[in-house]
Amino acid sequence: MAGKGRIIGGLASSHAPSIAVALNTGKTQTEQWKPLFDGYKPMIDWVEAKKPDLVIIVANDHANTFFFDKYPCFALGVAPVHEIADEGWGRWPFDPIPGHPEFGWQLAHSLVDDEFDIAVCQEMPLDHGFLTPLACTFPPERRWQVPVVPIVVNVLQPPIPSARRCFKLGQAIRRAVEAYEKDLRVVMFGTGGLSHQLHGERYGYNNNEWDHQFLQLIEKDPERVARMTHQELMEFGGADGVEVIMWLVMRGALSNDVTCLHRNYYHPMVTGFAQMILEEPNDGLGRLSVAAE
Amino acid sequence: MLNIRSRQIDYSRPLPGTYLTTGVRAARGYRFSKFCMSLMSPAVRESFKADAEKVMAEAGLSEQERQFVRDKDWNGMLRYGTSTFMVLKLSNVLGVGQNRTGAAMRGQTYEEFMATRNVREAS
């Protein structure tokens, strides 16, 4: 079923809460933060130029949206408006973000038809996993002009979805977008990573070499990342470095023909921060379908 | 070590200094995690700051669990069975910042830990 939706490109960004705090406290041009925030400028400009109709963004919860009483492997926010989470020190100072219930429910059906049995959520307050990348990509005067459909991936409590599964989820999202019956130009946004570990004696583990290798692979050979186990990802990138599986969801929704327009890496403290823009040819019309698995 | 077979994680070969929240460890730590999660509520945070022992008793924490809190034994909590995202909610209420908590997990002072970082002001 050929529809009218299309994916015009992918964005990726780390999502550490400290980034959003620096943004909100006017530190973007300090010596310490400038190398990171300069990396958002091309993303801001690209989104402004492309004017997408929708952003599908993939992040993990940090026990702010969900708790371990019930912890979904995959969850989808279909609300008309996404509330902002309070992470235990007050609600983030952002307005609630518009969703897209019509597409969201269609995506839910398409994914479950495609054997991705995702938890469908009418209330799913967004935490820094979503807010940091969105706030950095949409400056205050442009918030929130583009509706957002958020997808949560469990990376906190194993069993967590495999890298392969995340890549396939991206492919299934592309099929859903391309089958959508209305004109819809979609940007995929993968978040998280790169290397970091926030617990135990290994707190503060980073691996710059792996981070650079990952950035190369996610663009040129995502299949190779999809073959990696969590054990390998955690060994190379730290326990929380496994978050890069969410970049694979984004990458899985893109074609092989993408052009990397932008890539930035900065490792100041405990996380390897990275950003990326992958653009589809011909505003997403270059390649019309992804072969089913 | 957790007795779980998984294609993704080799639980017989745990990474050093790494405690994944799953299996019987997560089950054992669930009550403690739930206590940490309750600190998301401003009212509970205030009660905890006023009388931590009372809040821990009301949460039904065991003596061992209460001792982790009194000692700020972050790694103890992790090994016992809670997630670092729970620990960080607790340490935040106790007035210990993330990187101070992390330094203690590494067995270092804050200054020792910060000396290992590239740019100390941008966490």
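Everything below is about the structure shown above.
The shown structure was predicted, so the numbers you read here are calculated from the model rather than taken from an experiment.

Section: the overall build of chain A
So, step 1. The helix and strand tally for chain A stands at 10 helices and 10 strands.
So, step 2. Judged by the C-alpha coordinates and their principal axes, chain A covers about 50 × 40 × 40 Å.
So, step 3. In chain A, which comprises 293 residues, the proportion classed as buried is 58%.
So, step 4. A separation of at least 24 residues holds for 83% of the contacts in chain A among residues at least 6 apart in sequence.

Some details on the nonpolar core
Residues and elements named next belong to chain A.
So, step 1. By size, the foremost hydrophobic cluster in this structure holds 118 residues, and its most contacted members are Ile56, Met246 and Leu248.
So, step 2. For this core, the element with the highest residue contribution is helix 6 (residues 163-179), accounting for 8 residues.
So, step 3. Residue contacts for methionine 246: discarding those within four places in its chain leaves Val58, Ala59, Asn60, Val153, Cys166, Gly190, Thr191 and Gly192.

Brief notes about the pairing of strand 1 (residues 5-13) of chain A
Looking along a regular strand, one sees the side chains alternate between the two faces of the sheet.
Residue and element names in this part refer to chain A.
So, step 1. For strand 1, the tally of buried residues reaches 9 of 9 residues, placing the bulk of the element in the interior.
So, step 2. In terms of strand pairing, strand 1 meets strand 8 (residues 184-191) through 8 bridges, oriented parallel. Within strand 8, the residue paired with glycine 5 across the bridge is leucine 184.
So, step 3. Relative to strand 10 (residues 273-279), strand 1 is paired through 5 bridges, and the arrangement is antiparallel. Across the sheet, residue glycine 9 finds its bridge partner in strand 10, namely glutamate 279.

With respect to the sheet that holds strand 10 of chain A
Residue and element names in this part refer to chain A.
So, step 1. Spatially, the 8 strands line up as an open sheet ordered 6-3-7-2-8-1-10-9, and their pairing is mixed. The outermost strands of the open sheet, each flanked by one partner alone, are strand 6 (119-121) and strand 9 (259-266). Across the sheet, the mean angle from the axis of one strand to that of its neighbour is 20 degrees, orientation sign disregarded.
So, step 2. Relative to the sheet, helix 4 (residues 101-113) contacts strand 2 (54-59), strand 3 (74-77), strand 6, strand 7 (148-153) and strand 8, its axis offset from that of strand 3 by approximately 155 degrees.
So, step 3. Helix 10 (residues 245-252) rests against strand 1, strand 2, strand 7 and strand 8 of the sheet, and its axis sits at about 160 degrees to strand 8.

Describing the interface of chain A and chain B
So, step 1. Each side of the interface is counted separately: chain A has 32 residues, and chain B has 41 residues.
So, step 2. Sorting elements by how many residues they give to the side of chain A that touches chain B places helix 9 (residues 230-237) of chain A first, with 4 residues.

What counts and what doesn't
- Residues numbered from 1 in each chain as written.
- Chains lettered and ligands numbered in written order.
- Predicted model: local features only at pLDDT ≥ 70, side-chain atom pairs only at ≥ 80, totals over all residues.
- Helix = DSSP H or I, 4+ residues; strand = E, 2+ residues; numbered from the N terminus.
- Buried ≥ 20, exposed ≤ 12 C-beta atoms within 10 Å, placed from the backbone.
- Contact = placed C-beta atoms within 7 Å.
- Core = buried A, V, L, I, M, F, W, Y, C linked by C-beta atoms within 7 Å.
- Pairing = 2+ DSSP bridges.
- Axes fitted to C-alpha atoms, helices over the stretch in contact; angles between N-to-C directions.

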